[in-house]
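Notes for the structure review
Here are the chains, one letter per residue:
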Amino acid sequence: MAQETVDKVNAIIEEFGYTRNILASNLALNKKFHFAVFLPKSETLEYWKCQAEGIEKAALEFSKFGIVLDYFFYDYNLASFKETTQKIMEFDCDGLLFAPIFYDDSVQFLKEYEKKNIPVVMIDSNISEENEHAYVGQDAFQSGYLAGRLISFAVKNERQVLIFKITREIESTSVYQQRIKGFYSYFEDHNELTHFKFSEVTLKDSGIDQLSLEMFSGINSVFVPNSRAYIVANFLNKNNINGVRIIGFDLLKENIEYLNKGVIDFLINQRPEEQGYLGINYLYKKLVLQEETERTHYIPLEIILKENYFPARK
């Protein structure tokens with residue numbers, strides 16, 4: 001092309017502010033974008049099933065723009081997680097959606113993965129201390145802080161509060177610890193609330209049968225910093241222990257059952273399906289549309305009571 005023609009074209013571009021339609025170019029070239037999805041298996045984990053449904057919704061919506069998802073699922077144990085990280089390291093893709101369940105090993109994996117210079121978006125748990133990777137999910141500290149406010153709400157007399165930690169055989173997520181830290185921080189910031197006394201109980205999944213009436217003697221409120229509030233609710237309900245305020249997380253079927261019965265008072269919903277959808281949406285915007293996108297997207301914390309989950313029956 002003659003230089004004179006090039007100059008004329010550039011002048012027109014400058015005058016009218018033309019920008020290339022990236023999406024149209026990708027479609028014309030039939031370009032494919034492969035996103036790796038690295039998650040726990042969801043067959044028996046309702047929370048992760050919701051995450052997967054959000055991811056699949058985004059996959060269907062964006063498939064016409066050349067997005068292809070490649071799934072890497074692992075069993076909820078460290079050995080399976082480590083084995084799957086090796087497969088991810090060897091897999092060639094354009095972007096990675098990752099749920100960093102096991103904190104220490106996830107940090108090590110991300111350090112290695114950074115050498116591939118591939119965009120990463122995390123869901124559920126944010127382990128990126130210096131914002132080097134994108135994140136979609138709750139602010140775990142803030143959710144614990146909110147739980148503290150809910151425990152203290154409209155309470156004037158002395159209260160015994162139990163933080164009930166029911167963990168899997170391996171539970172090393174930063175989310176879990178940040179929620180507890182946020183919970184205590186609420187009371188540290190409101191030192192006028194001197195009538196609250198705290199105790200903690202920790203049980204592994206395999207030790208659920210160790211629940212006892214003695215654990216709840218004198219207890220007025222229970223904070224469960226994960227999705228297992230229904231385990232406490234079931235025990236209290238079976239033993240006709242009433243008047244204990246229970247706060248937990250996530251709209252699992254069992255949690256909803258006890259919410260509607262009035263045994264669980266509050267559930268904090270972190271919208272797992274929306275997290276999964278927005279995680280893929282972030283990669284779509286960054287890689288397909290080549291748009292500048294905010295790296296951190298906190299999901300608003302939703303307080304669920306039986307009155308706003310189902311209409312109150314008259």
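So, here's what we can say about the structure.

What counts as what
- Residues numbered from 1 in each chain as written.
- Predicted model: local features only at pLDDT ≥ 70, side-chain atom pairs only at ≥ 80, totals over all residues.
- Heavy atoms only, no water.
- Helix = DSSP H or I, 4+ residues; strand = E, 2+ residues; numbered from the N terminus.
- Contact = heavy atoms within 4.5 Å.
- Areas by Shrake-Rupley, 256 points an atom, 1.4 Å probe, with all protein chains shown as cover.
- Pairing = 2+ DSSP bridges.
- Axes fitted to C-alpha atoms, helices over the stretch in contact; angles between N-to-C directions.
- Salt bridge = Lys/Arg side-chain N within 4 Å of Asp/Glu carboxyl O.
- Buried < 20%, exposed > 50% of the residue type's maximum accessible area, 1.4 Å probe, protein only.

**Things to note about the overall build of the protein chain**
- Across its full length, the protein chain holds eleven helices and twelve strands.
- For the protein chain, the share of sequence-separated contacts (at least 6 apart) that also reach a separation of at least 24 residues comes to 73%.
- Counting every atom, the protein chain has about 16500 Å² of accessible surface; 49% of that belongs to carbon and sulfur.

**Examining the sheet that holds strand 10 (residues 266-269)**
- The six strands lie next to each other as 7-6-8-9-10-12, forming an open sheet whose pairing is mixed. The sheet is open, and its two borders are formed by strand 7 (196-204) and strand 12 (302-304), each paired with just one other strand. Neighbour to neighbour, the strand axes of the sheet diverge by 20° on average, direction disregarded.
- Of the pairings in the sheet, the one linking strand 8 (residues 221-223) to strand 9 (residues 245-249) comprises three bridges and is parallel in character. Its bridge partner lying in strand 9, S221 is registered against R245.
- Running at roughly 150° to strand 9, helix 8 (residues 229-238) makes contact with strand 6 (159-167), strand 8 and strand 9 of the sheet.

**Let's talk about the pattern of salt bridges**
- Across all of its chains, the model carries seven salt bridges by this definition.
- Here K82 ties to D105 by a salt bridge, and the two come within 3.7 Å at their closest N and O atoms. Here K82, found in helix 4 (residues 78-90), pairs with D105, found in helix 5 (residues 103-113); they are 23 residues apart in sequence, far enough to count as distant.
- Between R271 and E274 there is a salt bridge, and its shortest N-O distance comes to 3.2 Å.
- With relative accessibility at 25%, the residue R271 sits in the partly exposed group.
- On the basis of relative accessibility, which here comes to 29%, the residue E274 falls in the partly exposed class.

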